[in-house]
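Here is what each chain is made of, one letter per residue.
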Amino acid sequence: MADVSSKKSNESNKQDIIKRLKKIEGQVKGIQKMIEEEKPCAEILTQIAAIRAAINKVGGMVLERYSKTCIENALLTDDREQNIEDLVNTIQKLLRFVD
């Protein structure tokens, strides 16, 4: 029963991430249009800040999902150390690009 609930939760999470990415895509296209129309730089930078915040949120969501998988794998396999190392490396990569 928990497995079915987990699959539904994963699908819901996946759909939320896709929805957010489509919104970000629209925001990027909006910035392109703003630049073409020579809108004020302050307005463009505000939109860029909003996109950065949105992409950081998506990154956090993906990392959470990946972390749970890595931890599960670490608990279920004999290769615990490698799974934990993979998780730590992935977190470090993400943090290099987050403000």
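Model, not experiment: these values are computed from the prediction.

Enquirer: Describe the environment of Leu76, naming the residues involved and giving the relevant values.
Expert: Relative to the helices and strands, Leu76 resides in helix α2 (residues 41-76). On a C-alpha basis, the gap between Leu76 and Ile24 in space is 36 Å, while along the polypeptide they are 52 residues apart.

Enquirer: Give me the packing of α2 against helix α3 (residues 80-96): which residues, what numbers.
Expert: Remark: α2 packs on α3, axes separated minimally by 8 Å, with the N-to-C direction vectors making an angle of 170°. Relative to α3, α2 is oriented roughly antiparallel. Between α2, through Gly59, Leu63, Tyr66, Ser67, Cys70, Ile71, Asn73, Ala74 and Leu75, and α3, the contact on the second element is made entirely by Arg80, Asn83, Ile84, Asp86, Leu87, Thr90, Ile91 and Leu94.

Enquirer: Describe the pattern of salt bridges, listing the residues and the values that go with them.
Expert: Per the counting criterion, the structure on display carries six salt bridges. Of the charged contacts in the structure, one is a salt bridge between Lys14 and Glu11, with a shortest N-O distance of 4.0 Å. Of this pair, Lys14 and Glu11 both sit in helix α1 (residues 2-36), three residues apart, which is roughly one turn of that helix. Linking Arg20 and Asp16 is a salt bridge whose minimum nitrogen-to-oxygen distance equals 3.3 Å. Placement of both Arg20 and Asp16 in helix α1 is noted, with a separation of four residues, approximately one turn of the helix. Each of the salt bridges in this network shares a partner with another, and the network as a whole consists of Lys33, Glu37 and Lys39.

Enquirer: Could you give an account of α2, with specific residues and numbers?
Expert: Counted at 1.5 Å a residue, the expected span for α2 with its 36 residues is 52 Å, and the 52 Å between its end C-alpha atoms agrees. Of all the positions in α2, only Ile44, Ile51, Val58, Gly59, Met61, Leu63, Ser67, Cys70 and Ala74 are classed as buried.

Enquirer: Account for a negative patch on the surface, with residues named and values stated.
Expert: A cluster of acidic residues, Asp78, Asp79, Glu81 and Glu85, forms a negative patch on the protein surface. Here Glu81 lies in helix α3.

Enquirer: Can you break down the nonpolar core residue by residue, with the values?
Expert: One broad trend across soluble globular proteins is that nonpolar side chains are buried collectively. Ranked by size, the top nonpolar core spans eight residues in total: Ile17, Ile24, Ile31, Met34, Ile44, Ile51, Val58 and Met61. Only α1 and α2 provide two or more residues apiece to this core. Once residues lying within four places of it in the same chain are set aside, the contact partners of Ile51 are Ile24, Gln27, Val28 and Ile31.

Reading guide: rules and limits
- Residues numbered from 1 in each chain as written.
- Predicted model: local features only at pLDDT ≥ 70, side-chain atom pairs only at ≥ 80, totals over all residues.
- Heavy atoms only, no water.
- Helix = DSSP H or I, 4+ residues; strand = E, 2+ residues; numbered from the N terminus.
- Axes fitted to C-alpha atoms, helices over the stretch in contact; angles between N-to-C directions.
- Parallel < 35°, antiparallel > 145°, perpendicular 65-115°, else oblique.
- Contact = heavy atoms within 4.5 Å.
- Salt bridge = Lys/Arg side-chain N within 4 Å of Asp/Glu carboxyl O.
- Expected span 1.5 Å × (residues − 1).
- Buried < 20%, exposed > 50% of the residue type's maximum accessible area, 1.4 Å probe, protein only.
- Patch = residues over 30% accessible without salt bridge, like charges linked within 9 Å, V, L, I, M, F, W, Y side chains within 5 Å.
- Areas by Shrake-Rupley, 256 points an atom, 1.4 Å probe, with all protein chains shown as cover.
- Lys, Arg positive; Asp, Glu negative; His and termini not counted.
- Charge placed at Lys NZ, Arg CZ, Asp CG, Glu CD.
- Core = buried A, V, L, I, M, F, W, Y, C linked by side-chain atoms within 4.5 Å.

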